[in-house]
Amino acid sequence: MAKKALVLVADGTEEMEFTITYDTLVRAGVECTSANVQSGGSPYGTVGTSPALVVCSRGVKILPDTTLQPLEAGPDKYDALVIPGGLKGAETLSQSTEVQTLVREYFDAGRIVAMICAGSLAAKTAGLPHQPVTSHPVVKDVLVQTFDYHEDSVVVSDKVEGKGTLVTSRGPGTAFPFSFKLVELLCGREKSDEVRGPMMFPSSVPYPY
């Protein structure tokens, strides 16, 4: 049975972090669903589509698969929850009580919770326990008092007994290693290697196993 991932998105999400992760997971055979998390009216004035069109941090427009419906988004339906960054989008996602609840539910259910860039703010707002994390430097000060902060490109934490795996990463430039690590965790290292080859990911760039 194919693995499934729920990838959240909001106005102001960093488009590279969203699209590279979504695309790489699909290449690995993971069934991805993108879900728009709305916060009032869009500051970008996007209207007229259902679900609502998302305008990302650099103006790229994305039509999500659905609007977030928490009852249809739980860890009984997906194997991984992905939260991209982009400061405005990350603020919306991390401050959403629905997203906070989902983060805790996935973590408690032993699923993968993945956050990149400022998306790591959701680890704090959801009240996840002390463990290794990373993020974009712009939100480091918010996280360093609560977590064991690292500056590696990808940090994988399975340190909390009986809970899920938290995967965090730093920004657009680490989106590929972040995505490859998610493929490895969901589908195995062989599948991650298989996906990376045709994508021509530079062999000179260290991959964090």
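Details of the structure are given in the entry above.
Bear in mind that the values here come from a model prediction, so they are computed numbers and not experimental data.

(A) View of helix 1 (residues 15-27). Under the 1.5 Å per step criterion, the end-to-end length of helix 1 is 18 Å for 13 residues, consistent within 8% with the ideal 18 Å. When we look at burial in helix 1, the residues that qualify are Glu-15, Glu-17, Phe-18, Ile-20, Thr-21, Thr-24 and Leu-25. Where helix 1 begins, the capping side chain belongs to Glu-14, and its oxygen is found 2.7 Å from the backbone nitrogen of Met-16. At the exit of helix 1 stands Gly-29, carrying a positive phi of roughly 90 degrees.

(B) Structural view of the environment of Asp-65. Secondary-structure assignment places Asp-65 in the loop between strand 4 (61-62) and strand 5 (66-67). Among the residues examined, Asp-65 registers a relative accessible area of 44% and is labelled partly exposed. Sequence separation between Asp-65 and Ser-34 is 31 residues; the distance between their C-alpha atoms is 5.1 Å. When near neighbours in sequence (up to four residues on either side) are disregarded, Asp-65 contacts Tyr-22, Cys-32, Thr-33, Ser-34 and Pro-51. Within the structure, the side chain of Asp-65 is placed 3.1 Å from the side chain of Tyr-22, a separation counted as a polar contact.

(C) Quick look at the nonpolar core. Ranked by internal contacts, the top residues of the largest apolar core, which has 32 residues, are Leu-6, Leu-8, Leu-68, Ile-83, Val-103 and Met-115. Those elements that place two or more of their residues in this core are strand 1 (4-9), strand 6 (80-83), helix 2 (87-95), helix 3 (97-108), strand 7 (112-116) and helix 4 (121-125). If near-sequence neighbours (up to four positions away) are discounted, Ile-83 is found in contact with Leu-8, Leu-93, Val-99, Val-103, Ala-114, Met-115, Ile-116, Gly-119 and Ala-122.

(D) Broad picture of unusual backbone geometry. Of note, Cys-117 is a non-glycine position whose phi angle comes to about 65 degrees, a positive value. The residue Cys-117 is located in the loop between strand 7 and helix 4 in this model. Note on Cys-117: relative accessible area 8%, which makes it buried. One non-glycine residue with positive phi stands out, namely Met-200, at about 60 degrees. Along the chain, the position of Met-200 falls in the segment after helix 7 (189-196).

Reading the values: rules and limits
Residues numbered from 1 in each chain as written. Predicted model: local features only at pLDDT ≥ 70, side-chain atom pairs only at ≥ 80, totals over all residues. Heavy atoms only, no water. Helix = DSSP H or I, 4+ residues; strand = E, 2+ residues; numbered from the N terminus. Expected span 1.5 Å × (residues − 1). Buried < 20%, exposed > 50% of the residue type's maximum accessible area, 1.4 Å probe, protein only. Polar contact = N/O pair within 3.5 Å; in protein donor to acceptor, adjacent residues only side chain to side chain. Contact = heavy atoms within 4.5 Å. Core = buried A, V, L, I, M, F, W, Y, C linked by side-chain atoms within 4.5 Å.

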